[in-house]
Every structure is written in C-alpha cells, then in structure tokens.
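Listed below are the residues making up each chain.
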Amino acid sequence: MSNVLTPIEIFCSYADEDDALFRKLEKHLGLLKQRGLITLWHNRLPLPGTNWAQDVDAHINSASVILLLISANFLASDYCYGTEMQHALQQGKTGKARVIPILLSSVDYQDAPFEKLKVLPSNGKPVTEWSSSNRAFTNVAQGIRQTIEELIYTSKSTSSDSFSTIWNIPYARNHFFTGREEFINLLHEKLIKDGNSDTKDTHAAACIQRQAIKGLGGIGKTQIAIEYAYRYRESYAVILWVNAATEETLISSFADIAEMLPSLLVKDETDQKKIVAAVKHWLEQCHEHWLLIFDNADDISLVRDFLPNTGNGHTLLTTRAYAVSAIAASIEVEKMGLLEGSCLLLRRAYSLANSSDKDVLKQISDEDVNEAGNIVSDLDALPLALDQAGAYIEETQCSLSHYLELYRTHRTQLLARRGVESSNYPLTVETTWSLAFQRVEQANTAAAQLLQLCAFLAPDAILEELIMEAASRWSSPLREAATDLFLLDQMIDSLLKFSLVKRSKETGTLSIHRLVQAVLIDKMDQQTQSQWAKQVLLAVNDLFPSNTDNVALWPQCQRYLSQVQVCSTLIEGYSLMFIEAANLLNRAGLYMYRHALYAIVEPLFRRALAISEEILGIETSDTATLLNNLAGLYNKQGKYGQAELLYQRALQISEQHLGTEHPNTACTLNNLAGLYENLGKYEQAEPLCKRALQISEQQLGIEHPDTARCLDNLANIYESQGKYEQAEPLYQRALQIFERQLGIEHPTTISCLNNLANLYEGLGKYEQAEPLYQQVLQLFERQFGTEHLNTALSLNNLACLYYDQGKYAAAKPLYQRALSIYKVQLGDNHPETLKIQKNVALFLQTDEV
C-alpha cells in the first residue's frame with residue numbers, strides 16, 4: 001500500500017537583516033523538502049511587478065505552518081505588528097495553521113502578538129546564544145519536523161473518504177532513536193512470518209500474529225514500538241495504540257478507537273463491554289491490514305479479553321512481564337551495547353537527530369566519545385537513563401565529563417530528574433521502577449527483601465545456592481522463604497513479572513540491572529544499607545571455601561569470586577570492620593594469588609591486614625599470617641624491599657607469640673629464605689631454609705607438604721649455587737611427597753617437577769629435562785590456562801632448553817609467547833619480564849635464527 005502525500009506548505013516571515021539566518025534554517029529543512037514533505041515560501045519571494053500583499057495573503061491562507069523568525073530586527077519591522085502578523089495569528093487561532101515563533105536572538109517580546117505561543121528552540125534559548133549554531137538549527141528543524149509529522153497523521157486519521165489511513169499513535173517519532181536495527185528487523189520478520197504484510201487475503205492471515213516486546217522498565221520497549229509503527233506505516237491500513245496500563249486505560253483507549261473507526265456506530269452506547277466487543281469485531285472482520293499496539297501490558301491477565309482472536313492484522317504488546325507465552329510469542333529487549341549507547345547519548349546531548357552513527361562519531365571529538373562511553377558504563381547502558389543524561393547535558397550545556405562527575409556524587413537526584421522535552425516518555429528512571437517495587441512489596445514481602453538482597457550482590461551472577469544456603473543470615477520472612485524451593489520460585493516469579501531480575505536455569509543464577517540496584521539502595525536509609533551489607537558479607541564468608549589450597553574446591557571459589565569482590569567494596573563503603581571480613585578477603589586473595597591475579601590480590605591482602613591489625617592488634621599470630629601472605633605477593637611482584645620488611649616483621653611476631661619451633665614460624669623462615677635466594681643472598685638464605693626444614697620435620701613430620709616445600713626451596717638454593725649433586729635428591733624427595741600428598745595435578749607438585757627439569761637442564765641432561773618440561777607445560781595449561789604466569793614460565797624454560805640444544809625454530813615461538821604473557825601480567829619493567837626479554841634478545845642475535 002502507498003499513500004501519496006500532498007506537501008505541507010510552510011510560510012516564513014522574517015526581517016531583511018535576518019536573511020542569512022533564514023538561509024541556514026532553510027538548509028536544515030532540506031531533507032524534508034527533498035522527501036516532498038514540505039514546500040517553503042517566504043515574504044521575499046514575490047517578484048517585482050506583482051501584487052506583493054496579495055501574494056503574501058494567499059500563501060498565509062494556504063500554509064499549514066507559519067514560522068515567525070523573532071529578533072530585534074523583526075520586532076522593529078512592519079511584519080510584527082502589521083496585517084501579515086494579524087493574518088498569520090488569525091490562521092493559528094482558527095486552527096487552519098500552526099504558528100511557530102523561532103527565537104533567533106535574545107529579545108524582550110513581552111506584549112508582542114505572539115508572546116503566548118510556544119517558541120523554538122525547545123529549551124527557549126535563542127539560536128545565536130548556542131555554543132554551536134548547527135546544534136541550535138538542528139533543534140529547531142526537529143521541532144518543525146515533529147509538527148509536520150503530526151499534521152500528516154492527523155490528516156490521515158481524519159480522512160472521511162477512506163479508513164485506509166487510520167492512525168492514533170500518541171507520540172511523535174523519536175528522532176533520537178538509536179540502533180536496535182537487528183531487534184526491529186527480527187520483530188518484523190516474526191510478525192509477518194505466516195503471511196505477507198501487504199496481503200489482503202484474510203485467509204492467509206487468519207491466524208493472527210501476536211508478538212510481545214518484554215523487558216525491564218526503561219529498556220526502550222515503548223520506543224521500539226513507536227519506531228516500528230512509523231517505520232512500517234505504509235504496510236498497514238490501520239495503526240492503533242492502546243494504553244494497557246490499567247483496566248480503565250484499556251477501556252478508555254477502546255472507546256477512543258471506536259470513535260475513529262468507519263461504520264462503527266457506538267456513539268450512544270454506554271455499555272463498555274459492548275464497545276470493546278464492537279472494536280474487536282471490527283478488527284476481526286477488517287479486510288485491510290492493521291497493527292494494534294498494547295503499551296505497558298504488564299498485567300497479562302488483564303489484557304487477554306481485549307485481544308482480537310482472528311483477523312488480517314498484527315498485535316504488538318510491550319510488557320515488563322516475563323511469562324507471556326499464553327497470549328503471544330515474545331522477544332526480550334536487552335540493554336544497549338557500548339557503542340550503541342554512546343551514540344544515543346551523544347545524539348541526545350548534542351541534538352544530532354536523524355544522523356547515522358558514523359556521522360555522530362565524526363562530529364564529536366574522540367575525548368567526548370570516550371567520555372560518553374564512561375557515562376554509558378556508569379548507567380549500565382539503560383536507554384532511559386541515557387536519554388535523561390543527554391537531556392540534562394543539552395539543557396544545562398555542561399560537558400560530558402562534568403555530568404559524569406556530577407552523576408557520581410548526585411546519582412539519586414539525577415535519576416529522578418527528567419528533561420523538559422521528554423513527551424514520548426516523561427517518567428524518570430526512579431519513577432519507572434518505584435511502582436513496580438511497591439507492587440512487589442504488596443504482593444510478596446519476602447520477594448521485596450530478595451530484591452533488596454540482590455541490590456548488594458554482584459549483579460550478573462547471583463547464585464541461587466547463596467540465597468538458600470545462607471538463609472540463616474537473612475531477616476524474616478526472606479529467611480523462611482529461602483529454605484523452601486517452592487517459596488523461592490514464588491519470590492522469583494514475583495520479580496520476573498516486572499523483569500526486575502532474570503533467571504538462568506542453566507547456571508542456577510539470577511541477574512539484575514545495575515541501575516535497579518542503585519535505585520533500590522538509594523531508597524534505603526543508611527542503617528538498612530549497612531544491615532544488608534553486613535548480612536551479605538557474613539553469608540559469602542560462610543560459603544567461600546576455607547581451604548583454597550585444595551584444587552578440588554577451586555570451581556567453588558570461582559563461582560563466589562564476583563561476590564567476594566563486591567564484598568570488598570561493601571567492606572570499604574560501610575566500614576565493616578569484622579574479623580570475618582579479613583578472613584574472607586585473605587582466603588579469596590590466596591585463591592587469586594594462585595591464579596596470578598596480582599593486581600586484584602594486593603588491595604584484598606592490604607585491607608585484610610588493616611582490619612586484622614585494628615580488630616586483633618598488630619602483634620597477633622593472625623596478623624603475622626596476613627603479613628606473610630602480603631610479603632609473598634610483593635616477592636612475586638619483584639617488590640623485594642617491601643617483602644623483606646614484612647617477612648621480618650611476621651617472623652618476629654611468630655617467634656614471640658607462637659614460639660621459635662612453631663610450624664607458622666617455619667613457614668615464614670622458608671618464605672624469607674626464598675626471598676633471599678631471589679636476591680642472590682645465598683649465605684643468608686641457606687641457614688634460614690635448613691632451620692625451617694628442621695622445624696617442619698619435627699613438628700609436622702617428614703611426609704607433610706610443608707616439609708616438602710622446605711626441601712624444594714633448599715634444593716633451589718643449592719641449584720642456584722651450582723651444588724647440583726646436593727639439590728637433585730632434595731627435589732626428588734620433595735616431588736615424591738607432593739605427588740603422594742597433593743597429587744600430580746596440584747600446582748605445587750607441578751612447580752617442583754619444573755624445578756627438577758630445570759636442574760637436569762643445568763646438568764646438561766637434556767633427554768631427561770625435555771619430557772619433564774613438556775609435562776609441566778601441559779599440566780600448567782590444563783590447570784591455569786594458556787595466559788597464566790606459570791604457563792609463561794614453563795614456555796620460557798622449554799624454549800631455553802631448545803635454544804641450548806640448537807633447536808632455534810622450536811624455541812622462537814615459545815620465547816615470544818612467554819614474553820607476551822609476562823608483559824600483560826607483570827608489565828614491561830618487572831624483573832621476570834626483563835629476564836625473558838634478555839633471553840629473546842640473545843636469541844635474536846644468534847646467526848642461525
């Protein structure tokens with residue numbers, strides 16, 4: 001179907017001195033002219049010799065839109081107070097034309113004939129006072145475009161000779177609409193999959209197509225529905241909009257529709273059910289193709305009775321409800337991607353309507369594009385929040401960096417603030433969700449508490465097992481509901497009805513949008529926030545494995561790692577100075593230390609130490625353990641001076657409070673010896689290591705893993721001094737203990753195996769070293785992955801072996817892989833990175849390469 005549109009005539013009145021500004025506005029209306037939507041006539045067009053006054057009057061009579069370009073020049077001219085103005089205002093008063101003043105420059109127009117009319121630009125700021133005149137004229141052009149579209153579709157809706165242009169979409173097209181191309185294409189494909197959208201064969205479309213757009217409030221469902229209606233308006237004879245928020249709005253919408261439909265005589269009907277039935281019957285019998293949109297259809301049971309069951313049409317619903325399959329197929333709207341969200345924000349902030357993403361990015365500096373990405377990240381790519389942010393930036397003319405700083409300090413106020421030009425969706429992020437929160441609380445108090453709990457957890461992987469297994473930590477009634485699988489399902493169902501959470505059956509997790517978390521937290525007083533933060537901390541501490549040296553428990557550690565990281569933030573934000581906090585941070589730090597996540601580990605260890613020192617004191621054995629762990633991290637990072645001081649302090653505390661023969665003392669002695677070995681201080685390292693070995697053998701036994709660690713360390717010290725004959729039996733003995741006690745897959749066992757291979761290489765026993773190195777590489781890759789530092793170590797060692805054997809082609813890629821990993825994990829200036837880099841440099845100098 002195609003509708004031939006008569007161009008809408010626009011009459012422009014302006015002063016001679018403002019001709020340059022008019023020409024600039026004319027350029028911004030160029031696309032409307034090219035599409036044949038408008039013709040432009042102004043009071044400079046009459047040719048010499050013609051009757052100027054008659055021409056002007058004729059075009060004012062025929063114009064549907066009259067633009068008044070306001071400036072001091074205009075106010076001082078005859079145009080403002082003469083017959084031209086009087087005629088124009090009369091056309092506006094009688095509804096024959098839309099009269100729009102455009103404020104070119106700052107001027108006092110109080111008592112002017114047009115003073116009560118709504119002006120453009122939309123923020124009331126004169127064009128000449130904008131930082132960018134292009135932005136100002138773009139804003140004006142958008143306002144004119146909106147008026148043009150309203151006139152076009154008003155004209156269609158009131159046509160008396162045909163019902164093929166019935167249209168009641170209550171919103172103008174959103175010219176800031178961004179992205180969602182794949183979603184809209186998929187939606188169109190699903191709606192027309194059982195019939196051609198242009199067909200008039202009612203049999204082909206007898207099975208009516210229904211699609212629901214579902215998702216969180218503010219995710220952009222309504223905007224997608226509006227865009228779909230405008231984009232595919234030529235495919236439908238009838239496009240109708242229904243406000244489905246309540247039963248009253250549903251009935252009211254159907255009553256309004258009944259007034260529009262031809263041959264539907266229900267003007268005197270007072271029975272609302274009969275009006276609804278009449279509209280449904282009309283649609284079911286209509287031979288033309290139609291689109292019926294139910295917006296805000298959150299209560300699916302309420303909407304059911306208003307849906308046509310057959311007919312040559314499509315029904316589209318927007319809903320926050322998750323379970324809608326009983327009445328419609330559905331597509332879920334996700335949050336925007338980073339680039340998509342950035343373009344939406346920039347369009348809105350800089351009034352770049354109808355520009356392609358490429359054009360938007362061309363017009364904006366790289367600095368602002370990057371800053372836009374930071375805002376998108378903070379707002380978690382929620383379209384409504386991005387629109388609010390853009391509106392604020394446009395209205396206040398602040399910078400993107402200023403807004404980001406303001407948001408981080410005044411989040412609550414900004415999420416509750418809406419721009420003045422937001423007619424398509426006037427609600428804020430805060431008000432969009434508040435009603436849903438209230439309805440959840442009224443229906444299921446435990447579900448409301450579950451939602452509050454989710455606000456304090458890592459949003460993307462909230463373990464259902466955490467909710468259930470830590471039930472004793474929650475307040476009633478959530479405590480009781482969390483222990484019952486049926487009641488847990490009921491709670492989650494209450495939240496799914498408003499898309500406030502998502503549920504993954506495969507992973508047994510929930511997820512929640514970060515801004516939902518933010519709004520929930522902002523609604524709580526400080527005491528309630530602190531209570532939830534403490535409960536979450538204690539719960540995660542209960543469930544995070546206590547023995548992080550047990551490889552079998554590593555999957556469990558990994559599952560809770562994101563929650564630990566959130567707990568670290570809660571500890572800092574709410575000053576949770578509990579020994580449980582220190583214990584949790586320390587255990588999680590030890591797990592991540594094993595996985596070479598050193599940048600993440602350090603703040604955990606440091607925070608755990610600070611809490612222990614404040615709660616338990618600076619001279620306790622627990623504090624000594626934490627000092628020892630932090631020192632080990634510094635040793636790995638090459639911060640040897642800091643590590644030595646902490647080891648010495650830990651050793652002093654252990655000897656004083658636990659005794660010189662305690663296993664903890666032995667552990668610190670062994671670690672300090674390892675540090676001295678790294679520094680080449682073998683004379684200091686050897687006696688410390690021997691003393692540690694003696695204590696471990698006496699206190700723990702000759703088969704204990706700690707004894708084996710001392711043996712391995714002592715062998716390393718001997719090897720570094722060239723005492724290979726003394727080192728070899730110690731390595732072999734340590735390896736046997738590790739294999740028996742920990743297993744061949746344990747990282748400590750693998751490291752010892754690597755040390756033995758290194759010894760054989762030093763002895764020139766390449767045939768014995770090579771299979772061990774290859775085994776170590778295989779085990780490290782399987783245990784830690786291809787980008788771990790242990791993997792890089794084994795790559796370097798195997799490369800060195802190949803180099804010593806003259807196998808340069810085999811060595812080169814191993815060196816390069818190892819160096820790449822070290823640079824990423826430790827940085828360019830770390831001692832280990834520099835050591836590998838030296839190997840690569842020597843390698844590249846070899847003639848045979």
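A. Here's a closer look at helix α1 (residues 19-28). Of the residues making up α1, those classed as buried are F22, L25 and E26. The arc that holds the buried residues of α1, viewed along the axis, is 105°, so those residues lie on one side. Projecting away from the buried face of α1 at angles above 90 degrees are the exposed residues A20 and K27.

B. Inspection of the environment of L763 at higher detail. Following the sequence through the fold, L763 ends up in the loop between α35 (747-762) and α36 (766-784). Between the C-alpha atom of L763 and that of Y724, which follows or precedes it by 39 residues, the distance is 7.5 Å.

C. Expanded view of the environment of S235. Structurally, the position occupied by S235 is in the loop between α9 (221-231) and β7 (238-243). Each C-alpha atom, one on S235 and one on P262, is 20 Å from the other, the two residues being 27 residues apart in sequence.

D. Looking closely at unusual backbone geometry. In this structure, the amide linkage connecting L120 to the following residue, P121, adopts the cis form with an omega of 0°. One can find P121 in the loop between β4 (98-103) and α7 (133-157). In this structure, P477 follows S476 across a cis peptide bond, with omega equal to 10°. Looking at the secondary structure, you find P477 in the loop between α21 (464-469) and α22 (478-481). Despite not being glycine, S499 shows a phi value in the positive range, around 55°. Within the fold, S499 resides in the loop between α23 (485-496) and β12 (502-504). The buried category is assigned to S499, whose relative accessible area is 8%. Despite not being glycine, S575 has its phi angle at roughly 50°, a positive value.

E. Structural detail: the sheet that holds strand β1 (residues 8-13). Strand order in the open sheet formed by 4 strands is β2-β1-β3-β4, and the pairing between neighbours is parallel. Two strands lie at the open edges of the sheet, namely β2 (38-42) and β4, each paired on one side alone. Taking the axes of each pair of neighbouring strands and ignoring which way they run, one obtains an average angle of 25° across the sheet. Direction of pairing for β1 relative to strand β3 (residues 65-70): parallel, over a ladder of 4 bridges. Considered in β3, the bridge of F11 is made with I66.

F. Seen up close, the sheet that holds strand β13 (residues 509-511). The 3 strands lie next to each other as β11-β13-β12, forming an open sheet whose pairing is antiparallel. At either margin of the open sheet sits one strand with a lone partner, and together these are β11 (462-463) and β12. Relative to β13, β12 runs antiparallel, the two sharing 3 bridges. Each bridged residue has a counterpart across the sheet, and for S504 the counterpart in β13 is T509.

G. Quick look at the packing of aromatic side chains. In total, this model carries 16 aromatic pairs according to the counting rule given. Ring plane angle 55° and centroid distance 5.7 Å describe the contact between Y392 and Y403, whose orientation is recorded as tilted. Taken together, the positions of Y392 in helix α16 (residues 383-396) and Y403 in helix α17 (residues 400-409) put the pair 11 residues apart, joining distant regions of the chain. Of the residues examined, Y392 reaches a relative accessible area of 15% and is grouped as buried. With 5.8 Å between their ring centres and 50° between their planes, Y593 and Y598 make a pair best called tilted. A relative accessible area of 8% places Y598 in the buried class. By the ring-pair criterion, three or more aromatic residues cluster together here, those being W554, Y591, F780 and F784. Above the face of the Y322 ring, K214 is positioned so that its terminal group lies 3.9 Å from the ring centre.

H. Helix α29 (residues 621-636), seen in detail. The end-to-end C-alpha separation of α29 is 23 Å, in line with the 22 Å expected for 16 residues at 1.5 Å each. In terms of residue burial, α29 counts as a mostly covered element, since 12 of its 16 residues are buried. All of the buried residues in α29 are T623, A624, L626, L627, N628, N629, L630, A631, G632, L633, Y634 and N635. Structurally, α29 contributes buried residues whose contacts are with α27 (579-594), α28 (598-615), α30 (640-657) and α31 (663-678).

I. Spotlight on the pairing of strand β6 (residues 209-214). The element β6 is largely enclosed, with a buried count of 6 among its 6 residues. Judged by which residues are buried, β6 turns out to be covered on both faces: Q209, Q211 and I213 on one side and R210, A212 and K214 on the other are all buried. As judged from the 6 bridges shared by β6 and strand β9 (residues 313-319), these two strands associate in the parallel manner. Counted as the bridge partner of Q209 is H314 from β9. With 4 bridges connecting them, β6 and strand β10 (residues 329-332) associate as parallel partners. Opposite K214, over in β10, you have E332 as the bridge partner.

Reading the values: rules and limits
Residues numbered from 1 in each chain as written. Predicted model: local features only at pLDDT ≥ 70, side-chain atom pairs only at ≥ 80, totals over all residues. Heavy atoms only, no water. Buried < 20%, exposed > 50% of the residue type's maximum accessible area, 1.4 Å probe, protein only. Helix = DSSP H or I, 4+ residues; strand = E, 2+ residues; numbered from the N terminus. Arc of directions from axis to C-beta. Pairing = 2+ DSSP bridges. Axes fitted to C-alpha atoms, helices over the stretch in contact; angles between N-to-C directions. Phe/Tyr/Trp six-rings, centres within 6.5 Å; stacked < 30°, edge-to-face > 60°. Lys NZ or Arg CZ within 6 Å of the ring centre and 35° of its normal. Expected span 1.5 Å × (residues − 1). Contact = heavy atoms within 4.5 Å.

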